[in-house]
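# Observations on chain architecture
This is what each chain is made of:
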Amino acid sequence: MEQPGEKPVAGAEECGEVRGESQAAEESIEDRIRLLLRLRAQTKQQLLEYKSMIDASEEKTPEQIMQEKQIEVKIEDLENEIEDVKSNFEMKTLALNRMRLSAALTKNMEKMGAESSVLTDDMKHILKLQNLIMKSQEESSELEQKLLDVRKKRLQLKQTSRSKLLEIQTEKSKQKKDLDNMENSEVIKTMQKKLQMEIKITTVIQHVFQGLILGSKTNWAEDSALREIVLQLEKDLTTI
Amino acid sequence: MSVLRPMDKLPDLNAATILLVGTEDSLLQKLAESMLQDHCASELRVHLANSLPLPSTVNRPRIDLIVFVINLHSKYSLRNVEECLSHVDSSFFLGKVCFLATGAGQENHCSIHQNTVIKLAHTYRSPLLFCDLEVESFRAIVAQRLVRMLQICAGHVPGISAVNLLSLLRRSDSPPSKEL
């Protein structure tokens, strides 16, 4: 492996530190105080980081060899944990600030008394608005309840109408089935056979009479009564 | 020592050190100069390196942030960075490592797909920045960003730590190569 080259580049000095002596010495003192405060904050933060590293290293890491997928899942779980802790912390800070604010406000109110008209006006306005909010919330919940009841009724009606329609449908289908059955029933079949038989017999009788009249060699077209009879005998009975 | 550890030295007062690792010296030099031009209340120190491990003969201060510069035009830079990653202690990856991919603007010169770099950054759970280091304005912007990140990682900003910043920079979408 070849020797890698490394070059440190000169750092930029912090600006505004060196001033001419003609400038007020107070400015440099102020700057120095600012620098010291900044350094203090820095060292605090760095100390916090080191402490947290020490705490973290005291925790035992699991030595077992896990598959890559499991490691990924575990890492994501830990990241989500970090997010949860952060959001909890934020919420707690918010709640704490709120409590502090209300405590300071109450202290202020007690102290100022009649002079704090602006504050009391604001507070009264806030109370009024909150009362209004509560009332409208109650009303809205009542309306929602009514809406829910109406919807339930509608659903019930729909269900009953559905069941009724179903009944009608079954009745109709039953009727239709009965009709079909009747058509296929035996009674009708025997009746139809009898009808056919009668029709045939009548047709035969018709032809016999026709034969009689034609065989008698009379001119049946002249006599109106005979003509009527012949025409009637021509009628085909199956079409009736 | 062949492995870089984040906390094995005490920090210098008001000083923050960043280590830029990459194969292209000119880009690193330009980036370093842009960073030093930025007005920052803390003292900045920029170290450049082509690959790890760093020679142990030099007495260097505690490194607060490592930036791996990957040039999307050359596969060698990616391989170099991947080799260097094994010389970094795992506790560095809690927010003190950043990947910087350059050259994404010229699509026809890119030999590494963006998804490769995205996947790499996702595996190491570190933030990934895209920047074209050749362009002056983009370089200045990314230098400002890096200076701010460096200040946080060095502990100069009260209230935010490197781990905090890492969870803030976390991408909510998983890398697209997972679907492949």
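See the structure shown above.
Predicted model only: the values in this text are computed from it and were never measured.

### A look at the layout of surface pockets
The volume enclosed by the largest pocket comes to roughly 2,600 Å³. Considering the residues around the largest pocket, the lining is formed by 48 residues, among which A:Ala56, A:Leu78, A:Ile82, B:Leu94 and B:Val163 are closest to the centre. Here the lining of the largest pocket gets 13 residues from one element, more than from any other, and that element is helix H2 (residues 68–112) of chain A. When its residues are assigned to classes, the lining of the largest pocket shows 21 nonpolar, twelve polar and 15 charged.

### A closer look at the pairing of strand S2 (residues 43–49) of chain B
Here S2(B) lies mainly inside the structure; five of its seven residues are buried. Traced from strand S1 (residues 15–21) of chain B through helix H1 (residues 25–37) of chain B to S2(B), the parallel crossover comes out right-handed.

### Examining the packing of helix H4 (residues 186–215) of chain A against helix H5 (residues 224–234) of chain A
Residue and element names in this part refer to chain A. The geometry of H4 relative to H5 is characterised by a closest axis approach of 9 Å and an angle of 145° between their N-to-C directions. With respect to the hand of their crossing, H4 and H5 are arranged in left-handed fashion. Every residue of H5 that contacts H4 at Gln 206, Phe 209, Gln 210 and Ile 213 is listed here: Leu 226, Ile 229, Val 230, Gln 232, Leu 233 and Glu 234. Its residues assigned to classes, the contact of H4 with H5 shows six nonpolar, three polar and one charged.

### Looking at the packing of aromatic side chains
All names here are of chain B. Applying the stated criterion across every chain yields a total of three aromatic pairs over all chains. Look at Phe 99 and Tyr 124: their rings are 6.4 Å apart centre to centre, the planes differ by 50°, and that puts the pair in the tilted class. Note that Phe 99 is positioned in strand S4 (residues 97–102) and Tyr 124 in the loop between helix H3 (114–123) and strand S5 (128–131), a separation of 25 residues in sequence. Classification of Phe 99 by relative accessible area gives buried; the value is 0%.

### Points about H1(B)
When the terminal C-alpha atoms of H1(B) are compared, their 18 Å separation across 13 residues agrees well with the 18 Å that a helix rising 1.5 Å per residue should span. Every buried residue of H1(B) is accounted for by B:Leu27, B:Leu28, B:Leu31, B:Ala32, B:Ser34, B:Met35 and B:Leu36.

### Things to note about a nonpolar patch on the surface
Residues and elements named next belong to chain A. Taken together, the side chains of Met 197, Ile 201, Val 204, Ile 205, Val 208, Phe 209 and Leu 212 present a nonpolar region at the surface, about 660 Å² in accessible area. Here Ile 205 is to be found in helix H4. Given a relative accessible area of 42%, Ile 205 falls into the partly exposed group.

### Structural notes on the pattern of salt bridges
Within the structure shown, the criterion is met by nine salt bridges over all chains. In this structure, the salt-bridge partner of B:Arg45 is B:Glu43, at a minimum N-O distance of 3.4 Å. For B:Arg45, a relative accessible area of 22% corresponds to the partly exposed category. Put simply, B:Asp64 and B:Arg62 hold a salt bridge, and the shortest N to O gap is 3.0 Å. Per residue, the accessibility class of B:Asp64 equals that of B:Arg62, and both read buried. Taken together, the shared-partner salt bridges in this structure form one network comprising A:Glu30, A:Asp31 and A:Arg34.

### Observations regarding the interface of chain B and chain A
Counting from both sides, the interface comprises 45 residues of chain B and, opposite them, 32 residues of chain A. Taken together, both faces of the contact between chain B and chain A bury some 3,200 Å²; the carbon and sulfur share is 51%. Three residues, B:Met7, B:Arg125 and B:Arg170, lead the burial of chain B against chain A; their summed loss comes to 19% of the area buried on that side. At the boundary of chain B with chain A, the tally comes to two salt bridges. The salt bridge partner of B:Lys96 is A:Glu49, with a shortest N-O separation of 3.9 Å. Here chain B and chain A share twelve residue pairs in polar contact (both at pLDDT 80 or more) between them. Listed by contribution, the elements that provide at least two residues to the side of chain B that touches chain A are H1, S2, helix H4 (136–153) and helix H5 (162–168) of chain B. The residue inventory of the side of chain B that touches chain A, partitioned by class, reads 22 nonpolar, 14 polar and nine charged.

### Comments concerning empty space enclosed by the protein
Residue and element names in this part refer to chain B. For the structure on display, the rule yields three cavities of 30 Å³ or more. Quantified by volume, the largest cavity comes out at close to 80 Å³. Leu 4, Arg 5, Asp 8, Lys 9 and Ile 63 are, among the ten residues lining the largest cavity, the residues nearest its centre. For the lining of the largest cavity, the residue count by class is five nonpolar, no polar and five charged. For the second largest cavity, the calculated volume is near 40 Å³. Along the walls of the second largest cavity sit Pro 11, Asp 12, Ala 15, Thr 17, Arg 45, Pro 61, Arg 62 and Asp 64, which together make up its complete lining. Of the residues contributing to the lining of the second largest cavity, the split by class is three nonpolar, one polar and four charged.

### So, a negative patch on the surface
Taken together, the side chains of A:Glu76, A:Asp77, A:Glu81 and A:Asp84 define an acidic patch exposed on the protein surface. Turning to its location among the elements, A:Glu76 is positioned in helix H2.

Here is what the cut-offs are and how they apply
Residues numbered from 1 in each chain as written. Chains lettered and ligands numbered in written order. Predicted model: local features only at pLDDT ≥ 70, side-chain atom pairs only at ≥ 80, totals over all residues. Heavy atoms only, no water. 1 Å grid on protein atoms, 1.4 Å probe; cavity = no way out; pocket = protein on both sides within 12 Å on 5 of 7 lines; lining within 4 Å. Points joined across faces, edges and corners; volume = space filled by probe spheres on them. Helix = DSSP H or I, 4+ residues; strand = E, 2+ residues; numbered from the N terminus. Nonpolar A, V, L, I, M, F, W, Y, C, P; charged D, E, K, R; others polar. Buried < 20%, exposed > 50% of the residue type's maximum accessible area, 1.4 Å probe, protein only. Right-handed = clockwise from strand over helix to strand, strands pointing away. Axes fitted to C-alpha atoms, helices over the stretch in contact; angles between N-to-C directions. Left-handed = near helix turned anticlockwise from the far one by under 90°. Contact = heavy atoms within 4.5 Å. Phe/Tyr/Trp six-rings, centres within 6.5 Å; stacked < 30°, edge-to-face > 60°. Expected span 1.5 Å × (residues − 1). Patch = residues over 30% accessible without salt bridge, like charges linked within 9 Å, V, L, I, M, F, W, Y side chains within 5 Å. Areas by Shrake-Rupley, 256 points an atom, 1.4 Å probe, with all protein chains shown as cover. Salt bridge = Lys/Arg side-chain N within 4 Å of Asp/Glu carboxyl O. Buried area = accessible area lost by both parts, 1.4 Å probe. Polar contact = N/O pair within 3.5 Å; in protein donor to acceptor, adjacent residues only side chain to side chain. Lys, Arg positive; Asp, Glu negative; His and termini not counted. Charge placed at Lys NZ, Arg CZ, Asp CG, Glu CD.

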